[in-house]
Amino acid sequence: MSIVKIKRRESFAVIPNNLLTDKRMSFKAKGLLCYLLHLPHDWEICVKQLVSVGPDGRDSTYSILKELIEARYVERVSLRDEKGKVTGTV
């Protein structure tokens, strides 16, 4: 039997084992977190984009993100102007 090697252009993400064994999170949350970890470090989460690349709807995606926030894998920060008015979320 011969071995066929295929040259790939893909890059790989290294995922910590403790993330995958964290019992606080569902498999959906672990999958979304793995997806987020494969993205460039300066990439900002956009729920519309996440909904467009996955099978879950908007509400389900928000629920999964909430789960990741509660498990402290994701942080949501509200941006405010000098008067304290919310101007955006990062």
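Residues numbered from 1 in each chain as written. Predicted model: local features only at pLDDT ≥ 70, side-chain atom pairs only at ≥ 80, totals over all residues. Heavy atoms only, no water.

**With respect to the pairing of strand 2 (residues 86-89)**
Along any regular strand, the residues point their side chains to alternate faces of the sheet.
Here's step 1: Where strand 1 (residues 78-80) and strand 2 come together, 3 bridges link them in antiparallel fashion. Within the sheet, the bridge partner assigned to Ser78 lies in strand 2 and is Thr89.
Here's step 2: If you look at the hairpin formed by strand 1 and strand 2, you'll find 5 residues sitting between the two strands, and Gly84 has a positive phi there, around 90 degrees. (Pairing = 2+ DSSP bridges. Helix = DSSP H or I, 4+ residues; strand = E, 2+ residues; numbered from the N terminus.)

**Points about unusual backbone geometry**
Here's step 1: Positive phi, close to 70 degrees, is recorded for Arg72, a residue that is not glycine.
Here's step 2: Following the sequence through the fold, Arg72 ends up in the loop between helix 4 (58-70) and strand 1.
Here's step 3: Under the relative-accessibility criterion, Arg72 is labelled exposed at 74%. (Buried < 20%, exposed > 50% of the residue type's maximum accessible area, 1.4 Å probe, protein only.)

**Examining the pattern of salt bridges**
Here's step 1: In total, this model carries 3 salt bridges according to the counting rule given.
Here's step 2: Between Lys28 and Asp56 there is a salt bridge whose closest N-O contact spans 3.1 Å. Residue Lys28 is located in helix 2 (residues 27-38), and its partner Asp56 is located in the loop between helix 3 (47-53) and helix 4; the two are separated by 28 residues in the primary sequence.
Here's step 3: On the basis of relative accessibility, which here comes to 24%, the residue Asp56 falls in the partly exposed class.
Here's step 4: Here Asp59 and Arg58 are joined by a salt bridge, their closest N and O atoms 2.9 Å apart. Like Arg58, Asp59 is exposed. (Salt bridge = Lys/Arg side-chain N within 4 Å of Asp/Glu carboxyl O.)

**As for helix 2**
Here's step 1: Here helix 2 is 12 residues long and its end C-alpha atoms lie 17 Å apart, about the 16 Å a rise of 1.5 Å per residue gives.
Here's step 2: Restricting attention to buried positions, one finds in helix 2 the residues Ala29, Lys30, Leu32, Leu33 and Leu36. Buried positions in helix 2, seen along its axis, are confined to an arc of 165 degrees and lie on one side of it.
Here's step 3: In this structure, the buried residues of helix 2 make contact with helix 1 (17-20), helix 3 and helix 4. (Expected span 1.5 Å × (residues − 1). Arc of directions from axis to C-beta. Contact = heavy atoms within 4.5 Å.)

**Notes on the nonpolar core**
Here's step 1: Counting 14 residues, the largest nonpolar core has Met25, Leu32, Leu36, Leu65 and Leu68 as the members making the most contacts within it.
Here's step 2: Sorting the residues of this core by element identifies helix 2, helix 3 and helix 4 as the ones contributing at least two each.
Here's step 3: It is helix 2 that provides the largest number of residues to this core, a total of 4 residues.
Here's step 4: Residues within four places of Leu36 in sequence aside, it is in contact with Trp43, Ile45, Leu50, Leu65, Leu68 and Val74. (Core = buried A, V, L, I, M, F, W, Y, C linked by side-chain atoms within 4.5 Å.)

**Some thoughts on the packing of helix 2 against helix 4**
How two helices pack is summed up by the angle between their axes together with the distance between the axes.
Here's step 1: Direction vectors running N to C along helix 2 and helix 4 enclose 85 degrees, while the axes themselves pass 9 Å from each other. Taken together, helix 2 and helix 4 sit at an angle that is classed as roughly perpendicular. In this structure, helix 2 uses Lys28, Ala29, Leu32, Leu33 and Leu36 to contact helix 4, whose residues at the interface are Ser60, Ile64, Leu65, Glu67 and Leu68. (Axes fitted to C-alpha atoms, helices over the stretch in contact; angles between N-to-C directions. Parallel < 35°, antiparallel > 145°, perpendicular 65-115°, else oblique.)

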